[in-house]
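# Survey of secondary and tertiary structure
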Number of protein chains: 2
Amino acid sequence: MKKLLNDPQDAVKETLEGFGAAHADLVTVHLDPAYVVRAGEPRAGKVGLVSGGGSGHEPLHAGFVGLGMLDAAVPGAVFTSPTPDQIAPAFEAADSGAGVLAIVKNYTGDVLNFETAVELAEIDDRQVATVVVNDDVAVEDSLYTAGRRGVAGTVAVEKIAGAAAERGDDLAAVTAVAQRVIDNVRTMGVALTACTVPHVGKPSFDLTDDEIEIGIGIHGEPGRHKVPMASADEITDQLVAPVVEDLGLASGEEVLLLVNGMGGTPSSELYVVYRRARALLSERGVVVARSLVGNYVTSLEMQGASVTVLRLDPELTELWDAPVHTAALRW
Amino acid sequence: MKKLLNDPQDAVKETLEGFGAAHADLVTVHLDPAYVVRAGEPRAGKVGLVSGGGSGHEPLHAGFVGLGMLDAAVPGAVFTSPTPDQIAPAFEAADSGAGVLAIVKNYTGDVLNFETAVELAEIDDRQVATVVVNDDVAVEDSLYTAGRRGVAGTVAVEKIAGAAAERGDDLAAVTAVAQRVIDNVRTMGVALTACTVPHVGKPSFDLTDDEIEIGIGIHGEPGRHKVPMASADEITDQLVAPVVEDLGLASGEEVLLLVNGMGGTPSSELYVVYRRARALLSERGVVVARSLVGNYVTSLEMQGASVTVLRLDPELTELWDAPVHTAALRW
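Residues numbered from 1 in each chain as written. Chains lettered and ligands numbered in written order. Predicted model: local features only at pLDDT ≥ 70, side-chain atom pairs only at ≥ 80, totals over all residues. Heavy atoms only, no water.

## Re the interface of chain B and chain A
Between chain B and chain A, the residue contacts involve 51 residues of the former and 51 residues of the latter. In total, chain B and chain A occlude about 4100 Å² of area from one another, counting both sides; carbon and sulfur atoms represent 59% of this. In terms of surface lost to chain A, no three residues of chain B exceed K2, L4 and Y271 of chain B, which account for 22% of the buried area on that side. Between chain B and chain A we count four salt bridges in total. Its salt-bridge partner being R275 of chain B, residue E17 of chain A comes within 2.5 Å of it at the nearest N-O pair. (Contact = heavy atoms within 4.5 Å. Buried area = accessible area lost by both parts, 1.4 Å probe. Salt bridge = Lys/Arg side-chain N within 4 Å of Asp/Glu carboxyl O.)

What follows is the structure, given as structure tokens:
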């Protein structure tokens, strides 16, 4: 295992220390318990947005803390859910009195620990609503989930709900728009290589030099099936088809197309995937109205990519376009 | 070799097609010959900025075309200089009549081909000045250069010269500020793994599981020496020390600290390197006034990182802070 790390047990802490120092204008990092909060006081009347999950998916979630997106992020150990005692103070820090929306990716541990933290918040008379992101069409249940997994579509949920909160929507409205994104976003991914969890020290699964895993999750858990290595176009076809079918996209609809890198894939290859995904959507009469290409929801140094499609409507487009100022997403 | 590509011979073309479609609001992509131009007409009176070089270093240079940075970028084949017949039309497209600054990384092929393109431009009475970026302190000469190589410091040159051009500086002034950045920026890199050029199909050099290459260039060419794998802090020490010494930084000076990923390294590890680099600078009394952490000048899927330090002065800081709106850098 070759990684730019010191003691693997310190990896998350040292990453957060570096992140906090590099982005002190945007965030404040707390280390014990670990959570990342938007710099400054929460704005009175604004709904607070909190997300979190295992580390190893950077820039998710801390990279999305800032204006127009999250108010706090809670990083667990690598590929491990954050604990309720981390999540509860993040809720408190994000709450200006207008309530908090928790955006949770659908993994059993995340869902349980966020639920416990919500119960703790209710004891303090804090109002917390929850949405669960489950955009991965690859598998119905998995090693770590009942139901579908939450993967790269999370970026769209956090961006759009963040914009709704920023413009002053109340908790019910922010929750509703987050759920509308969840209902209209689907993702499918592929792994070319496995990744290695630092404190484990060996790859999470095995792939030979001539096979790839279609429908991979973001923790190295199994996908749909291993298939022989193929061209970018052939692989992209296998990602786009189930996404489009599951969404039931019709000709003339507008979408956001997100091609997300898993961490170790050059951006040049992501644009080759984007090119094909866009062409496939165009063939079906689907209009790619917005695009995002890059590393947003990763699996450490895994090579691979995922394709996410979000069905847009005028309000979702407007919220996507609204200003955002975070470490990893800014316009 | 596992890559998300189709025919390796089409890799650059298909990347450009995807890039152009995803960023049609920012750029126009020409394919034959290949160059990328800022969308819209060049603004009358504004000096045009053009850079280019081999592909495989994305987002450099096309990812930096847009407001406040480059007017055109010229991508060669992977790790291969662009040709004069690509560069000349990019000069033309970038020229509003106020002249063009060519920003060239110091590789023999790049320097020669840009020189030829400048001669072609002069035949057309086009005024083109040139600066050569040579920030890599690792080696004095290398496989592909006489003198030092141009690496990640190029981002700072393009950003700051771009801001000077955007505010209306004339060609002499933009050239002077670009040269001032070059005179005050230094970089040193490390490779943990090699990268594979698509049309070659095998890694550019050999590294065993327990060794790394200090002072690597961005084409897989040799660095200073192979050393045993070490901790992130120990490796960072070996990158920062020669940079600081070469710059002759004194206590109290302000710098920009750029930790650049080589393409295959997770951002979490880059922040661990940033944390240590910043601590080392602080120990010497050097103030990290600005920071940038991410994949900006890459070597395909190589794992590794480089540390760049730019000595700031009030004008360079102001130009760094000026608005930029490109695919890869935006604020």
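## Things to note about the domain arrangement of chain A
All names here are of chain A. Here the domain parsing of chain A yields domain 1 (9–184) and domain 2 (185–321). Computed over C-alpha atoms, the centres of domain 1 and domain 2 are 22 Å apart. Tallying the contact residues gives 37 residues for domain 1 and 42 residues for domain 2. Three residues stand out in domain 1 for area buried against domain 2, namely F79, V137 and N184, and they jointly supply 19% of the buried area on that side. Taken together, the connections running from domain 1 to domain 2 amount to four salt bridges. Among the salt bridges present, the one from E315 reaches R180, with a minimum N-O distance of 2.8 Å. In this structure, the connection of domain 1 to domain 2 is made through 20 residue pairs in polar contact (both at pLDDT 80 or more). Going through the elements one at a time, α4 (154–166) and α5 (171–183) are the ones with two or more residues in the side of domain 1 that touches domain 2. Looking at which element gives the most residues to the side of domain 1 that touches domain 2, the answer is α4, with six residues. Taken together, the residues of the side of domain 1 that touches domain 2 sort by class into 21 nonpolar, six polar and 10 charged. (Domains from an automatic or database assignment. Polar contact = N/O pair within 3.5 Å; in protein donor to acceptor, adjacent residues only side chain to side chain. Helix = DSSP H or I, 4+ residues; strand = E, 2+ residues; numbered from the N terminus. Nonpolar A, V, L, I, M, F, W, Y, C, P; charged D, E, K, R; others polar.)

## Some details on the sheet that holds strand β3 (residues 48–55) of chain A
All names here are of chain A. Here six strands make up an open sheet; going across it, the order is β1-β2-β4-β3-β5-β6 and the pairing mixed. Whereas interior strands pair on both sides, the edge strands pair on one side only; in this sheet they are β1 (27–31) and β6 (128–133). On average, each strand axis in the sheet is inclined to that of its neighbour by 20°, with strand direction left out of account. Sheet analysis places β3 next to strand β5 (residues 100–105), joined by five bridges and oriented parallel. Within β5, the residue paired with G52 across the bridge is V104. Helix-sheet contacts for α5 involve β3, β5 and β6, and the interaxial angle to β6 is about 5°. (Pairing = 2+ DSSP bridges. Axes fitted to C-alpha atoms, helices over the stretch in contact; angles between N-to-C directions.)

## Section: the pairing of strand β12 (residues 304–311) of chain B
All names here are of chain B. Burial analysis of β12 places eight of its eight residues in the buried class, the great majority of the element. Of the two faces of β12, the one lined by G304, S306, T308 and L310 and the one lined by A305, V307, V309 and R311 are each fully buried. Two elements, strand β7 (residues 185–191) and β12, share seven bridges in a ladder whose sense is antiparallel. Looking at the pairing, A191 lines up with G304 of β12. Relative to β12, strand β10 (residues 254–261) runs antiparallel, the two sharing seven bridges. In the strand pairing of β12, V255 is matched with R311. (Buried < 20%, exposed > 50% of the residue type's maximum accessible area, 1.4 Å probe, protein only.)

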